[in-house]
Amino acid sequence: MPILSNLEDLLAELRERGGARPGLLALDVSKRALGIAGADQSWRLATPLTTIRRQRRAQDLERLQAIMRERAAGVLVLGWPLNMDGSEGPRCQAVRAFAEHLDGALGLPILLWDERLSTFAAEEAAERAGLRGKRRTEMLDALAAAAVLQDLLNALAQRRSPSSDPFI
């Protein structure tokens, strides 16, 4: 399955597959952690779930698959760390390599979604929630994943109409 880079391609893939709206998870991928967020069944609200401290790829994949089963996830959204000018830097290469690994292991739609300013949004959310110390550190990556996912959900909401298809 190709790794997707725009919303229209994802929606086309989901329509082609048919069936019910799948669970939706977002990942904030860094060298040390995977922040994970999930969408509600109506695809309107993103919630930070957990942060996986990265170990070996096989262990990371096992832990991710357990969360995917629990959430009936059929789509992954990976934060795409573009530079502020929209260009791709070295972090994009690392995320693409991780996406290719997931694609080979999972074979489900993976969407790369612009994550610019997600860390800033996560910091603000942590501040509003009063998170401090270790708890703040533990949740920051999951909050960043939630910011990425909420941005995608907002883009979907802008496309909704009374007669829209089930994947919007």
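Refer to the structure presented above.
Described below are features of the structure shown in this document.

Calculation notes
- Residues numbered from 1 in each chain as written.
- Predicted model: local features only at pLDDT ≥ 70, side-chain atom pairs only at ≥ 80, totals over all residues.
- Heavy atoms only, no water.
- Helix = DSSP H or I, 4+ residues; strand = E, 2+ residues; numbered from the N terminus.
- Buried < 20%, exposed > 50% of the residue type's maximum accessible area, 1.4 Å probe, protein only.
- Pairing = 2+ DSSP bridges.
- Right-handed = clockwise from strand over helix to strand, strands pointing away.
- Phe/Tyr/Trp six-rings, centres within 6.5 Å; stacked < 30°, edge-to-face > 60°.
- Lys NZ or Arg CZ within 6 Å of the ring centre and 35° of its normal.
- Salt bridge = Lys/Arg side-chain N within 4 Å of Asp/Glu carboxyl O.
- Polar contact = N/O pair within 3.5 Å; in protein donor to acceptor, adjacent residues only side chain to side chain.

1. Digging into unusual backbone geometry
We note that W43 has phi near 55°; this positive angle belongs to a residue other than glycine. Among the secondary structure elements, W43 is positioned in the loop between β3 (33-39) and β4 (46-53). Judged by relative accessible area, which is 2%, W43 ranks as buried. The phi angle at A72 is positive, at roughly 50°, despite the residue not being glycine. Here A72 is to be found in the loop between α2 (57-71) and β5 (73-80).

2. Structural notes on the sheet that holds β3
Judged by pairing direction, the sheet is mixed, and its 6 strands sit side by side in the order β1-β6-β5-β2-β3-β4 without closing on themselves. Every interior strand has two partners, whereas the edge strands, β1 (3-4) and β4, have only one. Where β3 and β4 come together, 7 bridges link them in antiparallel fashion. The partner of A37 across the bridge, within β4, is P48.

3. Considerations on the pairing of strand β6 (residues 110-114)
For β6, a buried count of 4 out of 5 residues is recorded, marking the element as mostly surrounded by other parts of the structure. Relative to β6, β1 runs parallel, the two being bridged by 2 bridges. Within β6, the residue paired with L4 across the bridge is L111. When β5 meets β6, the two strands line up parallel, connected through 5 bridges. Within the sheet, the bridge partner assigned to W80 lies in β6 and is D114. Read from β5 through helix α3 (residues 90-106) to β6, the crossover connection turns out right-handed.

4. Regarding the packing of aromatic side chains
The description of an aromatic ring pair rests on the distance of the ring centres and on the angle between the ring planes. In total, this model carries 0 aromatic pairs according to the counting rule given. Lying over the aromatic face of W43, R21 brings its terminal NZ or CZ to 5.1 Å of the ring centre.

5. Notes on the pattern of salt bridges
Under the definition given, this model contains 4 salt bridges. We note a salt bridge from R17 to E13, for which the minimum N-O separation is 3.0 Å. One end of the pair is R17 and the other is E13, both in helix α1 (residues 7-17) and 4 residues apart, which spans about a single turn. Given a relative accessible area of 15%, E13 falls into the buried group. Residue D60 pairs with R54 through a salt bridge whose shortest N-O separation is 3.4 Å. D60 gets classed as buried once you look at its relative accessible area, which sits at 3%.

6. Observations concerning the environment of D40
Within the secondary structure, D40 is located in the loop between β3 and β4. Separated by 31 residues in sequence, D40 and R71 place their C-alpha atoms 9.5 Å apart. In terms of polar contacts, D40 uses its side chain to reach the backbone amide nitrogen of R44, at 2.8 Å.

Everything listed here is a matter of geometry and, on its own, says nothing about what the molecule does.
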